[in-house]
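Single-letter residue listing:
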Amino acid sequence: MELVGLASFLVFFLTLAGIYALVTLGLNVQWGFAGQFDIGIAGFWAVGAYTTAILTTPPSPFHLGGFGMPFTVGAAAATLLAALVALAVGRICVDLRTDYLAIATIGIGEILRLVLKNEEWLTNGVRGIAGIPRPFADLGRTGQALAFLALVLAAIATVHALLERARRAPWGRVQRAIRDDETAVLAVGRDVRRFRLESFVLGAAVMGFAGAVHAHFVGFISPEAFDPLYTTFLVWVMLVVGGSGNNLGAILGAFAVWAIWSLAQFVTAWLPLEWAARAGALRVLLVGVLLQAVLLWRPQGLLPERPPPPVVRDERESR
Amino acid sequence: MGEILQLLVYGLVTGGIYALGAIGVSLVFAILRFAHFAHGDLMTVGAYLALFGITTLGLPLMPAFALGALLTALLTVAVDRLLYRRLRRNGAVVLLVSSFGVALILRSLVQLVWGPENLVYGTAIVPPWRLGELRIRPVHLAILVTGVVLVTALHLFLTRSRIGKAMRAMADDPDLARIAGIPTERVVVWTWLLAGGLAATAGMFLALDTRLNPLLGWNVLLPVFAAALVGGIGNVHGAVVGGLVLGVASELSTAVLPAVYKPAVAFAAIVAVLVWRPRGLLGGR
């Protein structure tokens with residue numbers, strides 16, 4: 001019995017960590033590849049989650065829709081809508097300097113949160129949207145959990161393969177070049193603005209997709225269900241710990257930090273009752289200190305970025 | 001008309017608070033060249049340290065505020081010595097990430113020590129003065145007057161004192177300042193002292209006007225940054241103007257927009273400035 005409980009916790013843990021790994025991969029495109037400081041992560045995640053919630057739930061008088069569509073449609077639409085929001089936002093902000101973009105993304109996250117919280121006709125306000133269907137429900141409890149984990153792992157593998165290809169492609173080289181020396185890239189005649197917009201939108205699309213997967217995993221979404229800033233912060237720490245610019249590092253960082261975050265939950269569960277209410281703060285403190293320690297002593301992260309070797313024209317055929 | 005005038009008064013008070021925060025953001029940006037994301041949470045810490053002075057030490061409001069500002073200023077320098085100074089050579093973006101982490105650390109410390117609930121300073125409720133249709137709360141007048149005094153003092157400090165001039169020199173051209181023999185590390189310490197003290201003051205005023213809450217400062221980080229940008233980041237006088245513009249604009253917006261969307265005004269201001277006047281109203285870097 002103990003073993004069964006442990007196994008089911010492990011499946012639960014891996015699924016959630018995997019969802020975070022997806023978000024971290026998205027941030028890696030924006031920050032790791034292109035050097036864009038985005039702290040509106042939770043905003044794109046929420047756009048994805050709400051899109052699929054509205055599309056896949058049965059009709060409800062409390063919010064827009066639901067339209068009872070299948071999970072695949074919801075997830076695809078979530079990815080698309082997150083990308084569109086990022087495109088609209090990016091057209092205004094993406095060519096800003098790093099610090100300005102960072103400030104602007106706080107605003108984006110904040111406004112998205114306000115809209116989701118206050119536009120009741122759309123999202124049912126603070127009461128949120130319940131009953132988001134879980135895929136594979138006909139497989140039974142255990143089967144469903146395992147199938148969902150497989151889905152998440154497959155999604156990670158797919159997104160990783162695609163992003164790894166993008167990273168090695170000329171596109172990825174240009175992104176890194178813009179990150180490291182924007183003026184030089186401008187000087188060789190690249191459309192910097194367009195490349196920056198592309199990485200911003202691509203990253204946000206992955207975040208939106210991850211938000212949709214999370215919504216289907218939990219079955220419920222509300223503006224208060226998770227603290228958007230903590231989510232954003234956790235994803236940042238995951239990327240920095242894992243290694244900015246390294247896709248595998250992003251995944252590793254997500255699993256490692258989520259393990260620490262979950263372990264801290266066990267430890268704080270033993271705290272006396274009057275401290276239990278403050279356990280969340282203790283965990284954030286712990287992760288915050290971890291971030292500073294990594295920045296100070298291992299700024300390249302667990303898996304440092306390894307840029308692909310330069311392509312020399314003559315060698316291209318022989319590869 | 002009376003209602004608009006009333007909103008204008010509220011706007012000036014809010015704007016004064018934003019301005020005190022924005023000055024610090026602007027100073028740090030001018031000297032250290034990064035957007036300090038923990039600034040909002042420094043405001044929170046300042047407000048809570050003043051509460052510590054009032055409830056635990058039994059100090060009256062004014063000395064408690066002075067203590068809060070002093071402790072926060074020292075804490076800010078400590079954070080710099082411990083983290084930012086060592087990360088400085090890794091570039092501004094690393095400082096940005098680190099300060100985001102510091103923001104969360106400060107906030108969780110406040111939550112650990114004082115809990116997540118709303119708290120108040122427990123000052124007596126004074127009925128507002130009436131000026132025709134206009135109602136003015138004594139607290140608001142005190143905030144405005146102190147704000148003016150602090151800004152004037154800061155202006156004199158930056159233009160008259162030796163270290164203030166050194167700060168301006170370093171803001172203009174750090175390499176030249178170093179060559180000219182300006183003690184740059186001392187300038188950095190002074191910058192953090194001023195930024196921390198002013199942030200704490202802004203936080204305490206905000207708490208006096210509303211309530212203490214662990215999210216107190218984070219919630220106004222966006223308008224504070226917006227104020228610094230509107231005024232021209234790196235420009236102290238601009239930060240004051242930006243703060244007032246933003247405070248008045250966000251209060252007046254409640255006349256046409258639902259009040260819950262007040263933060264959107266700050267965002268709109270940022271976008272407008274960045275698109276049309278990237279160097280701010282008074283010119284920055």
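Anything mentioned here points back to the structure above.
Here the structure is a predicted model, which is why all the values come from computation and not from measurement.

Within chain A, the secondary structure is distributed over 13 helices and two strands. For 319 residues, the compact-globule formula gives about 20 Å, and the C-alpha radius of gyration of chain A, at 20 Å, lands near that figure. Along the longest, intermediate and shortest principal axes, the C-alpha atoms of chain A span 60 × 40 × 40 Å. Looking at chain A as a whole, 54% of its 319 residues are labelled buried. Long-range pairs, those at least 24 residues apart, make up 78% of the contacts in chain A between residues at least 6 apart in sequence. When the accessible area of chain A is evaluated, it comes to approximately 14,300 Å², of which 68% is carbon and sulfur surface. If the 24 positive side-chain charges of chain A are averaged to one point and the 21 negative ones to another, these points end up 3 Å apart.

Time to look at the overall build of chain B. Looking only at helices and strands, one finds 11 helices and two strands in chain B. Its helices and strands in sequence order give chain B the pattern α-α-α-α-β-β-α-α-α-α-α-α-α, from N to C terminus. When the backbone C-alpha atoms are referred to their principal axes, chain B occupies close to 60 × 45 × 35 Å. When contacts within chain B are restricted to residue pairs at least 6 apart in sequence, long-range pairs at least 24 apart make up 76% of them. Carbon and sulfur atoms make up 69% of the accessible area of chain B, which amounts to about 11,800 Å² in all.

Next up on the list: the side chain of A:H160. For A:H160, the location among the structural elements is in helix α6 (residues 140-168). Given a relative accessible area of 19%, A:H160 falls into the buried group.

In this model helix α9 (residues 218-231) of chain B runs 20 Å from its N-terminal to its C-terminal C-alpha over 14 residues, within 8% of the 20 Å that 1.5 Å per residue would give. With respect to burial, α9(B) is a largely interior element, 13 of its 14 residues being buried.

Right, let's get into the interface of chain A and chain B. Chain A puts 40 residues into the contact, and the matching count from chain B is 45 residues. Approximately 3,700 Å² of surface area, both sides summed, lies buried where chain A meets chain B, with 79% of it carried by carbon and sulfur atoms. Linking chain A with chain B are zero salt bridges, by the criterion used here. Connecting chain A to chain B are two residue pairs in polar contact (both at pLDDT 80 or more). For the side of chain A that touches chain B, the secondary-structure elements that each account for two or more residues are α4 (98-118), α10 (228-242) and α13 (279-297) of chain A. When residues of the side of chain A that touches chain B are assigned to their parent elements, the largest contribution, 14 residues, is made by α4(A). Of the residues in the side of chain A that touches chain B, the class split is 28 nonpolar, six polar and six charged.

What follows covers the nonpolar core. Residues A:F37, A:W236, A:W258, B:F37, B:Y84, B:F100 and B:Y121 are the most contacted members of the largest nonpolar core, which totals 175 residues. Contact partners of B:F37, with chain neighbours within four places excluded, come to A:I39, A:A102, A:I103, A:I106, B:L96, B:S99, B:F100, B:A103, B:W218, B:L221 and B:F225. The next biggest cluster of nonpolar side chains, apart from the first, holds 10 residues, and it includes A:A49, A:Y50, A:L116 and A:I132.

Attention shifts here to the packing of helix α2 (residues 41-56) of chain A against helix α9 (residues 192-218) of chain A. Think of two packed helices as two axes; the pair is described by the angle between the axes and how far apart they sit. Residue and element names in this part refer to chain A. Running from N to C, α2 and α9 point in directions that differ by 50 degrees, and their axes come no closer than 7 Å. Overall, the two elements α2 and α9 adopt an arrangement that is oblique. α9 is crossed by α2, and the crossing has right-handed handedness. Seen from α2, the contacting residues are I41, F44, W45, G48, A49, T52 and T56; seen from α9, they are F200, A204, M207, G208, G211, A212, H214, A215 and H216.

What counts as what
Residues numbered from 1 in each chain as written. Chains lettered and ligands numbered in written order. Predicted model: local features only at pLDDT ≥ 70, side-chain atom pairs only at ≥ 80, totals over all residues. Heavy atoms only, no water. Helix = DSSP H or I, 4+ residues; strand = E, 2+ residues; numbered from the N terminus. Rg over C-alpha atoms; globule rule 2.2 N^0.38 Å. Buried < 20%, exposed > 50% of the residue type's maximum accessible area, 1.4 Å probe, protein only. Contact = heavy atoms within 4.5 Å. Areas by Shrake-Rupley, 256 points an atom, 1.4 Å probe, with all protein chains shown as cover. Lys, Arg positive; Asp, Glu negative; His and termini not counted. Charge placed at Lys NZ, Arg CZ, Asp CG, Glu CD. Expected span 1.5 Å × (residues − 1). Buried area = accessible area lost by both parts, 1.4 Å probe. Salt bridge = Lys/Arg side-chain N within 4 Å of Asp/Glu carboxyl O. Polar contact = N/O pair within 3.5 Å; in protein donor to acceptor, adjacent residues only side chain to side chain. Nonpolar A, V, L, I, M, F, W, Y, C, P; charged D, E, K, R; others polar. Core = buried A, V, L, I, M, F, W, Y, C linked by side-chain atoms within 4.5 Å. Axes fitted to C-alpha atoms, helices over the stretch in contact; angles between N-to-C directions. Parallel < 35°, antiparallel > 145°, perpendicular 65-115°, else oblique. Left-handed = near helix turned anticlockwise from the far one by under 90°.

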